[in-house]
Amino acid sequence: MQKLIIEARINEYANRKANPHVPWSASEIAEDARRCREAGAAIVHFHARDERGQPEHSRAAYADIIRRIRADSDVLIHPTLGAASHDAPAEQRIETVLSLARDDTTRADFAPMDMGSANLDFYDPKSRRFLSTDTIYKNSTATLQHFAGAISAAGMKHYVVSWSLGFTRQALAFMDMGLLPEPLFLLFVLTDGNLLAGHPGTAAGLDAHLQMLPDDRHIEWAVCNHGGDIRGLADKIIDEGGHIALGLGDYPCSESGLPDNAALVAEVAARAAVLGRDVASPDDVRQLLAMA
Ligand code: ZN
């Protein structure tokens, strides 16, 4: 079986109410990335945040973080697109990561593309109402075609994200069209908590994704659970040859002693050892995914 890729999803837009260990500033993010790498992570995914945790969209902020991470660690870097608005034109949404890629010291290893659109309004089951009613994460086919070509041309690896079966089908169509090369790295975003756009973070939710994957394509799949504890599925994912993406960006783990990101990575690495699966280094990932 392939070595297990562990990705640390260290912050997203998480606050510190439930767990104070969410890294925000550039130095906190770089330090967290270094510690996650030491614990077994091969990839780190981050969103730039300011000192108070607000989203930071500037190119300079991303450049600063990437340089700091590279100075301390060989971990593979996967930033968010950092776009200010999902309604912006495709060229504008991806400009930050493309601009960073023009400089060898700030090029990311992966650039993400979510293969469809989804309603991202939070649902509160207690009050039986949505907290917003018009939050659309919009990724048109034209936008995705632009992203696919631009990411290839910039020398980064496509980090392909599926929230539900239709997203996966779109990814497979892009493979048929020659827009996404094999091996494909495909993240399944399960969603528990107050987001309903993904499959639930259950074995059945994951199996519905896996049953769709064709045998004649080389797809390395990974799983995260936004709003839920992916550790409940870790053994299944490790046994079935998948990869695991987790961190405080997705779930604060406040019921299990307020771990930091490195502790969560270490826990998955320890489960892999128990189950007899080796953990991938960044070089292993480059080889497995045929990255430049
Ligand atoms: Zn993210």
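Refer to the preceding data block for the structure.
All of the points below concern the structure found in this document. (Residues numbered from 1 in each chain as written. Predicted model: local features only at pLDDT ≥ 70, side-chain atom pairs only at ≥ 80, totals over all residues. Heavy atoms only, no water.)

### Observations regarding the sheet that holds strand E12 (residues 243–246)
- Spatial strand order, E3-E2-E1-E12-E11-E10-E9-E4: eight strands in an open sheet with parallel pairing. The outermost strands of the open sheet, each flanked by one partner alone, are strand E3 (76–79) and strand E4 (110–114). Along the sheet, successive strands turn relative to each other by an average axial angle of 25 degrees, direction set aside.
- Sheet topology note: the strand E1 (residues 6–9)/E12 ladder contains three bridges and is parallel. Counted as the bridge partner of Ile 6 is Ile 244 from E12.
- Contacts between helix H4 (residues 141–153) and the sheet are confined to E4 and strand E9 (157–162), with E4 contributing the most and set at about 170 degrees to the helix. (Pairing = 2+ DSSP bridges. Helix = DSSP H or I, 4+ residues; strand = E, 2+ residues; numbered from the N terminus. Axes fitted to C-alpha atoms, helices over the stretch in contact; angles between N-to-C directions. Contact = heavy atoms within 4.5 Å.)

### Here we look at the environment of Ala 14
- Here Ala 14 is to be found in the loop between E1 and helix H1 (26–39).
- Sequence separation between Ala 14 and Thr 135 is 121 residues, and the spatial gap between their C-alpha atoms is 18 Å.

### A word on the layout of surface pockets
- Size it by volume and the second largest pocket reaches roughly 250 Å³.
- Within the lining of the second largest pocket, the residues separate by chemical class into eight nonpolar, three polar and six charged. (1 Å grid on protein atoms, 1.4 Å probe; cavity = no way out; pocket = protein on both sides within 12 Å on 5 of 7 lines; lining within 4 Å. Points joined across faces, edges and corners; volume = space filled by probe spheres on them. Nonpolar A, V, L, I, M, F, W, Y, C, P; charged D, E, K, R; others polar.)

### Structural notes on the packing of aromatic side chains
- A complete count under the given rule lists seven aromatic pairs for this structure.
- Considering the side-chain rings of Tyr 159 and Phe 185, the 5.2 Å spacing of their centres and the 70 degrees angle between planes classify their relative orientation as edge-to-face. With Tyr 159 in strand E9 and Phe 185 in strand E10 (residues 184–191), this pair connects stretches of sequence that are 26 residues apart.
- Note on Tyr 159: relative accessible area 0%, which makes it buried.
- Residue Phe 185 is classed as buried on the basis of its relative accessible area of 1%. (Phe/Tyr/Trp six-rings, centres within 6.5 Å; stacked < 30°, edge-to-face > 60°. Buried < 20%, exposed > 50% of the residue type's maximum accessible area, 1.4 Å probe, protein only.)

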